[in-house]
Structure formats: C-alpha cells, structure tokens
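Results of the structural survey
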Amino acid sequence: MKHIYRRLAALALVLLLALTGCAPAEQKEEALTLADNGVTEFRVVYGAGCTQQTVDAASVLQKEIERLTGASLSGGEDLATTPTADSWEILLGSCDRSEDDTVYAALRSIADYRVQVQGRKLVIAATRDDSLLAAVQALCLVLGDYTENGKMVLPADFLLTGGADGEGEPGIPVFAGGTLRAGVDGGNGTELLIYSADSKDCDAYLKALDGAGYALHAQHEIDGNRYFTCVGNGATVTVMDTPAMGAVRVSVDPAEYLLPTQPEKTDAVVQPSVTLLGLEGYNTNSAPTQTGLSMLYQLSDGRFIVVDGGHNKIQASGPIYKTMAKLAPDPDNITVAAWLVTHSHNDHAGAFISFCRNYGKKVTVEKVLVNFPGDGQYTSSSTGTSYKENVLAEAEKLSGTQIIKVHPGQVFYLGDAVMEILYTLDLYEPDRLVDFNDSSIVCSITLGGQRMLVTGDCGVLSSNILCRLYDGALRSDIVQMSHHGYQGATEELYRAVDPLYVLWPSGSTTYERYKTASNNTWLLQESHMERLWLAEDKIQTLPLPIGG
C-alpha cells in the first residue's frame, strides 16, 4: 500500500527547491541491466496481501530470467524492505513504491497492462490478475531479444502494452482516483478491485463508466454507504463506496443482470410466515447433528424464500419440500422466488444439493443467490471447494434458474418481501480468511411488516465490519442467531440489532452449552428480547408479523 506521507514529503521537497531557486539536476535515462554473467542486483517485489496468482506470476518471471541468464532473483512483499530510488526492483502489480504511479496512470481499461522502465525499476502494471499474468507472459516472450551471452539489458524507453480481453471487446475504464489497494479473484468468475479512495473519486468513476457504455441501473444508500449497479457491454459492474472504510470497491461480473428496482405487484393469497426447520436427530459424519441452518419464508403470493437448508442429506432437504407442499396454495406448483446460500459449509449449502437431486423437477427455483469466494480464500482458510462447486453445478441444471452473485447494497424485491444485502466477502477482501464463516452473506428480509437480520455464520471480523459501516440499518425485529450460538456475531452487533425475537438454529445440547457464552449473554439476559425459538428437531411456522 502506498503511503501518502511519502508523497507529501516529495511534494514539499519540490516546492522547497522551487522557492530557493534550485531545481533537481536532470538525470540521464540509462538502460536497465537486469542480469549479467549469472549475477543480478534485482529483486521481484509485489504488494503485501496480494493474491496467490500474483505470487505465481512472480515465480514465472523469476524462472524465465534465471533460464536466460543464470541469475537467481529473490522476491517478496513490498513492505518487507525500505526502498530507495537506487534500489533495483521489478515491481509486479500495485506496490508501495512511487515509481509505478506514472505507469498505472497510463492504463485506460481495467483489462490493460503496461510494462515500463522507470529509473532503476521495471514496473509491470495491471489491475486484474489475468492481465498481470498476460503482462508477465508477454514480457517473458521478448526477454530473449534483450539477452546476449547471459547479459539482459532493457533500454530506458522500454514499453510493452496489451490487455487480457479479446480484441475489440469493450473495456471497463480504470479507476482514475485514489490508489489501487488490491485486485483479487472475487469468485464465481468475478474480479474485485479495491481502492483507497473517497466519494468524489467514486463519482468521477461512475461518470467514466457511463462514458464507456455502462449505464447506471440501480443505486442504494445505507447509513451513508453508497452502492451502484451499472450494466452494459455484456458485464455488470458493482461499485461500493464505503467512506467509513476509506475505500471504493469495484466488482466486475462477466454477465449482465438487471435487478428489480421496485416491489413486484402480486396478489396476496396466504398470510406471510417464517419457518424454522430443526436439524437435530440424524447422523452426519457418524455423529448426531446439532447444527445447521434451515429457514423458509413464505410470501403473500404463496412463493418461498429458502435460507440455506442444512446438510446434504435427505433428512434436511425432505422437510423443506414437505413444508413447502403443506404451505403452498397449490402443492403441485411450488415456486421458490429465491434460494439464498449464505456460505459453502455443508450444514448450510448441502441441503440445496440434495434438494435439487431429489426434488428439482417438482419445484421451480427462480433465483439462486450466492457470494462464494475465489479459490485462494478457500486455500487460506483450509476449507474445501466441493460444496461451492456442487451448488453451482446443481443450480445450472435447473430449468430457467438465474444464478446471481450478490453484492452489498443490492436490493431484491421478491413479491412483498424486500431483501437488502448488507455484507458479503467483498467488504472483507483483500484480507485472507482465517475463519471461513466470515464469508457468510448477511442480509435483512422485510416481510409482513417486520424486519429480520439473517446472519448465516457471521464471525467476529465480519461483525466488526458491519458495526463499522452501519447503525440504524442493523436494527431488526427478529434476528437469526449467528453460527448456531457458537462464537460468531459479537455483542456489539446484537446490541445494534436489538431484536424482540430470536431464531436459534441449533439442537438442545448445543444450546445448553453456549447460552451463557460471553457473546450471547447480553442478548439472552439483558436485551429487550421477548421470545426465543430453538430449532431442535421441530418444524415451527410463525405467521408474520409475530405478535401481530
């Protein structure tokens, strides 16, 4: 990450020289000798917290230079050393170095790359992982042309440009303001770019997107945080302006999708309700299950919203289908308006797989809502990708089902229900996942005049982000207990929610063990809570509004 203090100091020095009548001596541009006779003073530098793809690209470059010259380059993060203008470095991606500012400023599309000599630095600039790899590959192809008898020399005016997108494909403009903090694999085919920037930078970028053919389709503000969905040229661009975090995030989805911008007009045929389905009483991994999350909303028009569902077992998916058949106006025509998978752990995502395989031809599923991380986050948290892959594979087999990767600030109007996405991993990136539960989608669902906060397995760090960004937006009538009552949502988050009613997705043994845990004490003993429902092995349907 670049340091603004260093830049201010440099600017102050220029002003001081101007005021004293002095000017820095004009430096003669010199060729850059990367290696000679098996020796090099260069090291490859990449940004702290960069993606594994960037580290892999660095390795490709190091091996090629060693193959051509016999010289072995060291490599590491930018913050590991204190650089000077005399340091010999190859800068790969956005680094804590001033020399790459000029090169990044010359990029016009987020798919572009630019490789350029800057003093004693070779800068390889790109905002996307695929573009960065394309830049390294293009550089490796020409390095042999600048190598003779083991000596590799690049001219002072060396410049290599290109892009990762196909020829003629409309580009998404680069973010001209702020500083690129990271470009990461956002998962589900998306790219996530994170900038240290402010709201003015965000506004300028929205104008640039409009000029490039990306029309603003939807916008939403939550407690001073602004979210925008822009669509065009075959892609959907989500822009997240979070002043409390000093950041603007840009997610690029490689497909166009249009969100409804106002409530649907439907006929009311049933009283809306929320159902908590218990998962206690059958075995998973040869042990009686106590955990899992399975909730079912019924809209006034008779359709349903499913939240997670539990394990990849018929004992979990069967009760979902049977409950919908019991509640539906026509049990032969069951429609799921949206199936939300908060995260890809078995006891949350598994039931969707089992449901599709057993009941997929009997039920219409209109939307599947997910936000699965890139593979690098699964590696860092030691969580496997099989449930992510199987959920997406089963969803793709369903007829007419739309799979949407949701982002913070998006609003889904589903019959008379309103789903507002408050948190996804987009707001956590680029930090590495230590607790995979922090990848849980957190959203509110308002139905029957009451608002419920759905937390999935929201952890401590995601709780902190939610409390940092929001205040009134967290206030809800009902809360789903995070992570089955284990260490999950913090007391601070529960205080901000201040619910009247609690749905606790857990078995009896787990409840007894964790009801006195420090993160639960305030909610259960001191809050305004009027009633708690424990899932156990029951199916409990609560008409909405509760207490109405």
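Before reading further, recall that the structure is shown in the block above.
Below, the structure is looked at part by part. (Residues numbered from 1 in each chain as written. Predicted model: local features only at pLDDT ≥ 70, side-chain atom pairs only at ≥ 80, totals over all residues. Heavy atoms only, no water.)

Secondary structure assignment for the chain yields 13 helices and 32 strands. When its C-alpha atoms are laid out on the principal axes, the chain stretches across 80 × 50 × 45 Å. A burial count over the chain gives 56% of its 548 residues as buried. A separation threshold of at least 6 residues defines the contact pool for the chain, and within that pool the share at least 24 residues apart is 68%. Here the chain has roughly 22,800 Å² of accessible surface; of this, 49% comes from carbon and sulfur atoms. (Helix = DSSP H or I, 4+ residues; strand = E, 2+ residues; numbered from the N terminus. Buried < 20%, exposed > 50% of the residue type's maximum accessible area, 1.4 Å probe, protein only. Contact = heavy atoms within 4.5 Å. Areas by Shrake-Rupley, 256 points an atom, 1.4 Å probe, with all protein chains shown as cover.)

This part is about helix 4 (residues 129-143). Spacing of three or four residues puts side chains on the same side of an α-helix, whose turn is 3.6 residues. End to end, helix 4 covers 21 Å across 15 residues, agreeing with the expected 21 Å (1.5 Å per residue, within 8%). Among the residues making up helix 4, those that are buried are Asp-129, Ser-131, Leu-132, Ala-134, Ala-135, Val-136, Ala-138, Leu-139, Cys-140 and Leu-143. (Expected span 1.5 Å × (residues − 1).)

Counting across every chain of the model gives three cavities of 30 Å³ or more. If you go around the largest cavity, you meet 15 residues; those closest to its centre are Thr-51, Val-184, Gly-376, Gln-377 and Arg-432. Of all the elements in the fold, those that place two or more residues in the lining of the largest cavity are helix 2 (52-69), strand 10 (179-187) and helix 8 (375-381). Ranked by residues supplied to the lining of the largest cavity, first place goes to helix 8 with three residues. Here the residues of the lining of the largest cavity sort into three nonpolar, seven polar and five charged. (1 Å grid on protein atoms, 1.4 Å probe; cavity = no way out; pocket = protein on both sides within 12 Å on 5 of 7 lines; lining within 4 Å. Points joined across faces, edges and corners; volume = space filled by probe spheres on them. Nonpolar A, V, L, I, M, F, W, Y, C, P; charged D, E, K, R; others polar.)

So, on to the packing of aromatic side chains. Remark: the centre distance and the inter-plane angle together describe each pair of aromatic rings, the angle taken between the planes. According to the stated counting rule, one finds twelve aromatic pairs in the structure shown. Centre to centre, the rings of Phe-175 and Tyr-205 are 5.0 Å apart; their planes meet at 40°, and the pair counts as tilted. A residue pair is termed long-range when its members are at least 10 positions apart, and Phe-175 in the loop between strand 9 (159-163) and strand 10 and Tyr-205 in helix 5 (residues 199-211) qualify at 30 residues. Seen in terms of ring centroids, Phe-355 and Tyr-359 are 5.4 Å apart; in terms of plane orientation they differ by 45°. Their pairing is tilted. Here Tyr-359 and Phe-355 lie together in helix 7 (residues 346-359), a separation of four residues that amounts to about one turn. Pair check on accessibility: Phe-355 and Tyr-359 agree, each one buried. Aromatic rings pair up to connect Tyr-321, Trp-339, Phe-352, Phe-355 and Tyr-359 into one cluster. (Phe/Tyr/Trp six-rings, centres within 6.5 Å; stacked < 30°, edge-to-face > 60°.)

Moving on: the pattern of salt bridges. Summed over all chains, the structure comprises 16 salt bridges. With a closest N to O distance of 3.0 Å, Glu-512 and Lys-515 form a salt bridge. With relative accessibility at 46%, the residue Glu-512 sits in the partly exposed group. Looking at Lys-515, the relative accessible area reads 29%, which means it is partly exposed. One continuous salt-bridge network, built from bridges that share partners, spans Glu-89, Arg-97, Glu-99 and Lys-121. (Salt bridge = Lys/Arg side-chain N within 4 Å of Asp/Glu carboxyl O.)

This part takes up the environment of Asp-96. Within the element layout of this structure, Asp-96 appears in the loop between strand 4 (89-92) and helix 3 (100-105). Considering only alpha carbons, one finds Asp-96 and Arg-67, 29 residues apart in sequence, at a separation of 28 Å.

As a further point, take the sheet that holds strand 29 (residues 478-480). Across the sheet, seven strands lie side by side as 25-26-27-28-29-30-31; this open sheet has mixed pairing. The sheet terminates laterally at strand 25 (411-414) and strand 31 (531-534), the two strands that pair on one side only. Strand-to-strand twist of the sheet, defined as the mean angle between neighbouring strand axes without regard to direction, takes the value 20°. One ladder, built from five bridges, connects strand 27 (residues 442-447) with strand 28 (residues 450-454); its direction is antiparallel. Among the inter-strand pairings, Thr-446 is bridged to a residue of strand 28, identified as Arg-451. (Pairing = 2+ DSSP bridges. Axes fitted to C-alpha atoms, helices over the stretch in contact; angles between N-to-C directions.)

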